[in-house]
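Residue strings, one per chain:
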Amino acid sequence: MLSVPRIRVSGSGKLPRHVVLTASRYYSSHDSILKNLKIGSHTRVIFQGFTGKQATANARESLAWGTKIVGGVRPGREGEHLGLPVLPSVRKAMEVLKPDATGIYVAAHQATGAIEEAIEAEVPLIVAVAEHIPLHDLLRIHAMLKTQSASRLVGANSPGIISAVGKCRIGFQPLPCFEPGRIGIVARSGTLSYETAASTLRSGLGQSMCIGVGGDILPGTSLKEGLQVLVEDDDTEGIALIGEIGGDAELEAADWIREYRAKTARPKPIAALVGGVNAVPGRIMGHAGAFALPGEPSALAKIEALKAAGAAIVNHPSRFGPVLKSMLGGSTPTGAGVATSAPVSQQRGIHTAVRRPISARQASHRDVRGQRRSIYLTQNTAFDLLRQRGIVIADETNTGPQKLLAITVNRSTQSPCVVASPSNDTCDVQKFDFTYGGSGQDIPIETIAQHLRLPPSATDSLRKLINELVTLFTEKEAFLLETRIVSSSDNHKHIDSTVKLAAARFGFDDAAFRSSGRQAEMQGLRDVSVEDAAEVSVEKDGIVYIKLENGNIGTLVNGAGLAMNTVDALADAGGCAANFLDTGGKATSETVKRSFEVILTDPRVKCIFVNIFGGLTLGDMIARGVVLAFQDLQMTVPVVVRIRGTNEQEGQRIIAESGLPLFAFDDFNEAAAKAIELANQGLQL
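Residues numbered from 1 in each chain as written. Predicted model: local features only at pLDDT ≥ 70, side-chain atom pairs only at ≥ 80, totals over all residues. Heavy atoms only, no water.

K.L.:
Could you give me a rundown of helix α8 (residues 249–263), with the residues and numbers involved?
P.N.:
Taking 1.5 Å per residue, 15 residues should reach 21 Å; α8 reaches 21 Å between its end C-alpha atoms and fits that length. Of the residues making up α8, those classed as buried are A249, E250, L251, A253, A254, W256, I257 and Y260. On its buried side, α8 packs onto α7 (223–231), β14 (238–244), β15 (270–275) and α9 (299–308). (Helix = DSSP H or I, 4+ residues; strand = E, 2+ residues; numbered from the N terminus. Expected span 1.5 Å × (residues − 1). Buried < 20%, exposed > 50% of the residue type's maximum accessible area, 1.4 Å probe, protein only. Contact = heavy atoms within 4.5 Å.)

K.L.:
Describe the sheet that holds strand β5 (residues 79–81), listing the residues and the values that go with them.
P.N.:
The seven strands lie next to each other as β5-β6-β4-β3-β7-β8-β9, forming an open sheet whose pairing is mixed. For this open sheet the edge positions go to β5 and β9 (152–154), each flanked by a neighbour on one side alone. The sheet shows a mean angle of 30° between the axes of neighbouring strands, direction not considered. Bridging between β5 and strand β6 (residues 84–87) involves three bridges; their strand directions are antiparallel. Within β6, the position partnered with E80 by the bridge is P85. Each of β3 (45–48), β7 (101–104), β8 (125–128) and β9 is contacted by helix α4 (residues 108–120), which is oriented at about 175° to β8, the strand it contacts most. (Pairing = 2+ DSSP bridges. Axes fitted to C-alpha atoms, helices over the stretch in contact; angles between N-to-C directions.)

K.L.:
Tell me what's going on with the nonpolar core, and back it up with residues and numbers.
P.N.:
With 108 residues, the main nonpolar core has L125, I161, I170, L227 and L306 as its most contacted residues. Residues within four places of L227 in sequence aside, it is in contact with V186, I239, L241, A253, W256, I257 and I270. Listed in part, the 55 residues of the second largest apolar core include L452, A458, L469 and L501. (Core = buried A, V, L, I, M, F, W, Y, C linked by side-chain atoms within 4.5 Å.)

K.L.:
Provide a residue-level description of the packing of aromatic side chains, including the pertinent values.
P.N.:
Tallied over the entire structure, the rule returns seven aromatic pairs. Centroid distance F291 to F479: 5.4 Å. Interplanar angle 70°. Geometry classified as edge-to-face. Of the two residues, F291 is situated in the loop between β15 and α9 and F479 in strand β22 (residues 478–487); the sequence distance between them amounts to 188 residues. Pair check on accessibility: F291 and F479 agree, each one buried. Judged by centre distance (5.7 Å) and plane angle (50°), the rings of F609 and F668 are tilted. With F609 in strand β27 (residues 607–614) and F668 in helix α22 (residues 668–681), this residue pair connects regions lying 59 residues apart in the sequence. Each of the two residues, F609 as well as F668, counts as buried. Pairwise contacts between aromatic rings join F47, F50 and Y105 into one cluster. Between R411 and the ring centre of F291, over which it is positioned, the NZ or CZ distance is 4.9 Å. (Phe/Tyr/Trp six-rings, centres within 6.5 Å; stacked < 30°, edge-to-face > 60°. Lys NZ or Arg CZ within 6 Å of the ring centre and 35° of its normal.)

K.L.:
I'd like a description of helix α6 (residues 190–202), backed by residues and values.
P.N.:
For α6, which comprises 13 residues, the first-to-last C-alpha distance of 19 Å matches the rise-based estimate of 18 Å (1.5 Å per residue) to within 8%. Here α6 lies mainly inside the structure; eleven of its 13 residues are buried. Among the residues making up α6, those that are buried are G190, T191, L192, S193, Y194, E195, T196, A197, A198, S199 and T200. Its side-chain oxygen at 3.1 Å from the backbone nitrogen of L192, S189 defines the N-terminal cap of α6. Just past α6, the residue G204 takes up positive phi, approximately 75°. (Polar contact = N/O pair within 3.5 Å; in protein donor to acceptor, adjacent residues only side chain to side chain.)

This is the structure:
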């Protein structure tokens, strides 16, 4: 890090302002290694974890496809695997094999060390596919990346990066979806990127490159950076951008698109999709990064920004192919699920601005419910943690105006930050970055106090509170410590200048325990009695299940991005999902059955919509799982099954010939219409 940071203030209008303490030299050096993302037939690839089961299967497939894998690493061992050299360290592999890129195929608890080793060896491109890498490990990795200008990270929690033109795959993308062509894809969701790729194939376009930035909270490569690479790529003629709820990446991409279109005579056409329009506030929607932190925009705000910048908006990945084909042909795309001109709120059939109402029940659960990657504490438990640290909790006599103060992460700068607003909402949020693992001396307490409109006499009290929150954030591996503060000095008598806590919402990273065995004591603070029992019951099965308000269609989907999009696209078609359910990217017959079981615990469900894209998951395997589950569970609600992708025809045949009241489709619109019809009829079989 540079010793003398600069202050950068960005944002205007209704968007939150960000005060970012950072070093300008980092951005220029980091931008200089964007070229490392331009993989192709020339790219020499090594695998870390080369001899493992997952890496071996992936390497065989990639080699047969044409990827230039030159060897791999197994710590402390030398030898040969798949006819290629195995070396004991990444540094040794760099010396002997001279790779351009490394694919990291190890479990989450080993991935941090593997990424760090690759950075230290200065591998130009590092692709990390593992999910559940602890957030604070990634903060340390980004701190390392900011000190160098040799390595570029893709991931974590990423499907990887693939050049269809150059036959180079570093990741686990399903190869049947990829053929050389004209469309570049940059995406936060793996499953949505696979269906997008398949859509371009059906439209006769194919793909140039697909950059999976991944669904993590702090990805190593952003959507904007992916756009920069694709725009400069000679093989790319049109671009599909896939975003979702959480962070500012889509707004940054929109700003870049606007500037690009303004200065380019013939800009490449760009179409975009943003998932999570109907995401439950305060919930993590499957992906580790699929939730909004204080001051971050909604999915609708992202859609508005992208459309205003000149991108065509689609509401389902199957529409990317036809829309981009139309744009490449010089026509304005039209039809259901496409927006190009009028404000989003005026479009019919695509992400209407009328969102699900937040009921009292949902609002009461917002502070404590979480799953998979998060542990939310009850407010009383959070207060107890702070009392132990000498923080004063407000009582009923402290009635001054509440102000927002939080410790979390700034996804744009990959740094921890203080978030502050002088009011109880996020309309005037500012973010103040600080150095991870530092002493906190770089936190501008006086500036924060001024922004909070606290008197000078409250500065010392504020400093103590922020220091304790930062310590708790670091020591216990939190991702969000959100508070509301009051100060009796707000009454201008200045008798008591103590800043006190009026409310607290604390979230801790569950991956620290599940992946690395850390923070066991934080697990014990979780109170599942205030959470939904059905949602908790399927966590052990790797299923993310979240109930939604006012729905009557159960949804069963493989992949978090596709699950969010299914809920959104159903709403656009006039339906209302009763739940979000992500079986995981690799759904099995067992998880399908368990998913049916938990969906059927909800008496509101009148129809179940199974939406599977067979990328990594085989369509015929899912179809057999659906048939078996339907028979075993003696189901009495109709099931609509949409299967696309790998082995889709066989899967559809199995459903059609099952003799069961199952409705098979390959087109999303037709499947959604049938599910809505059946749900509204409320038929029992």
